[in-house]
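Listed below, chain by chain, are the residues.
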Amino acid sequence: MTVATGSTIGSIVADLEISRAWLVDPGSGREGPGEIVVTDGVLEAVTWLDADEADGIDDAGVIVAPGLIDLHVHFREPGNEEAETIATGLAAAAHGGFTTVCLMPNTTPALDDPTVLARVREAAVASGSPVRALAWGAVSAGRAGQTLAALGELADAGVVGFSDDGAAVSSAALMRSALAYAGALGVPIVDHAEDSTQTAGAEANDGFVSTVLGLRGWPAAAEETAVARDLAILADVVRDVPGARLHLTHLSTAGALDLVRRAKAAGLPVTCDVTPHHLALTDEWLAGARRWAWEATGDPWGDGTSAIVAGPYSSSLRVNPPLRSVADAAACREALLDGTADAIATDHAPHVSVDKDVEFGLAANGISGIEPALGVVLAAVDAGLLPLGRAITLLTTGPAGVLGSATGGSTPGLVEGAQADLVVFDRSATWTVEPEALASRGKNTPLAGRDLPGRVLLTVAGGRFAYEAPGD
């Protein structure tokens, strides 16, 4: 690959030529060797090379793809800027190859009012980042789960949908009303599927590993019963409100994914996403194993592989929903392959040290995951478990489909004449996850010290450079 740039990071527009790269265009379903030219921030030319021009170019080298879209991030501002600000979150997104992110509303105050949305937008503009910051509004006032927030006012102000993420919409009656109102407004409800009556005091996935470690079990049924309830309500509401849509975020169990699979087959308007950590990690990591889910057996102590290489109970692994079993991780991969899962979303959840560097059961839930996300997904690609084109689709057109018109109605792709929205990464180059080197203020990652494939070289958002790798 050769790259020529006529601008530097922070310029208003990007001028860029990339030759002899592998292009992945999920909008058209095409991938192959090619070249691109960006002039004044516009994708001026996309040239696909013939076989006789493409000697030495393959999908194991430099990849050019549309900018990635993350449906689920927590940037903590307003209220907890020590953990993350809009500016640091957008910088982290750009480092990870993301050009559009959707902020969750569990801020302080909650994003349940247009004035809070205005503050978020002002912070995004002030950051100077070209990465687009979209936002989910809260389902309930104060995210307290008692009464609906001002959904109409929030929709008019430009939220992309509604969620009480950080917690489930625990009231079935409130969920019914929310689906109906949001459906009439043409946007989805995003639910964190958890029956909290089954997870009170829970610490880790209920199974062999948690039993051996003496951690209180978090049953798969807590997720699955919540999914079943939401789908039953959706089936009822959609008869009267055809625009009702439900998105289930960070699903993690085989049973929950199978419920969505059957609901889709029945024609229900439901979508879902899976996180990179539920795809690639398992509860074995709590015991001190550090092997990818597709290499794990479920018994890190007794399978003869010397899997234990780190100390147990690392609080960086405490997430909600918890890291699940080997079988559940395999179900996540199958759901991504067969279309049951529509997108990969990071659930980027940065925390300050005082909230994570404590006893496992007292640690805040969450992984600072937006920067290593692409590398984790590419590890699955390199293992032959996920085709590269499908992986890019799940990070671009998949989430765009969930958002619908919120992305401007265009499908992410390499389209001549469109404003450039691109990520360029090198599959042949690895990078080491060094927490202190992350752009995010959240350093809470279980991947510290791990080499990941797919070093991001450039991110161009809205025609402007958002990230350029040092030395390139």
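Here the structure is a predicted model, which means the values were calculated and not measured.

Remarks on the pairing of strand S16 (residues 422-432)
Argument step 1. Buried residues dominate S16, accounting for eight of its eleven residues.
Argument step 2. Inspection of the sheet shows strand S5 (residues 62-66) paired to S16 by five bridges, in the antiparallel sense. Each bridged residue has a counterpart across the sheet, and for isoleucine 63 the counterpart in S16 is phenylalanine 425.
Argument step 3. As paired strands, S16 and strand S17 (residues 451-461) are joined by eight bridges and run antiparallel to one another. Residue pairing for S17: leucine 422 is matched across the bridge by valine 460.

Points about empty space enclosed by the protein
The gaps left among the atoms become clear once a water-sized probe is rolled over them.
Argument step 1. This model, assessed by the stated rule, comprises three cavities of 30 Å³ or more.
Argument step 2. Contributing to the lining of the largest cavity are Pro276, His277, Leu281, Trp292, Thr346, Ile367, Gly369, Pro372, Ala373, Val376, Pro446 and Leu447.
Argument step 3. Listing elements by their share of the lining of the largest cavity, those giving two or more residues are helix H9 (276-280) and helix H13 (373-382).
Argument step 4. Split by residue class, the lining of the largest cavity holds nine nonpolar, three polar and no charged.

Some points on the sheet that holds strand S6 (residues 68-73)
Argument step 1. Reading across from one edge, S6-S7-S8 is the order of the three strands in this open sheet, with parallel pairing throughout. A strand with exactly one partner marks an edge of an open sheet, and here the two such strands are S6 and strand S8 (132-135). Here the average twist between neighbouring strands, direction ignored, is 20°.
Argument step 2. Examined bridge by bridge, S6 and strand S7 (residues 98-103) share four bridges and lie parallel to one another. Following the sheet pairing, leucine 68 is matched in S7 by phenylalanine 98.

Brief notes about unusual backbone geometry
Argument step 1. In this structure, proline 78 follows glutamate 77 across a cis peptide bond, with omega equal to 10°.
Argument step 2. Here proline 78 shows up in the loop between S6 and helix H1 (86-96).
Argument step 3. Residues threonine 108 and proline 109 are joined by a peptide bond in cis, for which omega reads 5°.
Argument step 4. Tracing the backbone through its elements, the reader meets proline 109 in the loop between S7 and helix H2 (114-127).
Argument step 5. Even without a glycine there, the phi angle at aspartate 40 is positive, about 50°.
Argument step 6. Secondary-structure assignment places aspartate 40 in the loop between strand S3 (30-39) and strand S4 (42-48).
Argument step 7. Not every positive phi belongs to a glycine, and histidine 250 is a case in point at roughly 40°.
Argument step 8. Among the structural elements, histidine 250 can be located in the loop between strand S13 (246-249) and helix H8 (254-265).

Considering the sheet that holds strand S15 (residues 343-344)
Backbone hydrogen bonds hold the strands of a sheet together, and the pairing may be parallel or antiparallel.
Argument step 1. Sheet architecture is open: five strands sit in the order S9-S10-S13-S14-S15, paired in parallel fashion. Each of the sheet's edge strands pairs with one partner strand only, and the pair in question is strand S9 (162-163) and S15.
Argument step 2. Note: S9 against strand S10 (residues 189-192), two bridges, orientation parallel. Among the inter-strand pairings, serine 163 is bridged to a residue of S10, identified as valine 190.

Conventions adopted
- Residues numbered from 1 in each chain as written.
- Predicted model: local features only at pLDDT ≥ 70, side-chain atom pairs only at ≥ 80, totals over all residues.
- Heavy atoms only, no water.
- Buried < 20%, exposed > 50% of the residue type's maximum accessible area, 1.4 Å probe, protein only.
- Helix = DSSP H or I, 4+ residues; strand = E, 2+ residues; numbered from the N terminus.
- Pairing = 2+ DSSP bridges.
- 1 Å grid on protein atoms, 1.4 Å probe; cavity = no way out; pocket = protein on both sides within 12 Å on 5 of 7 lines; lining within 4 Å.
- Points joined across faces, edges and corners; volume = space filled by probe spheres on them.
- Nonpolar A, V, L, I, M, F, W, Y, C, P; charged D, E, K, R; others polar.
- Axes fitted to C-alpha atoms, helices over the stretch in contact; angles between N-to-C directions.

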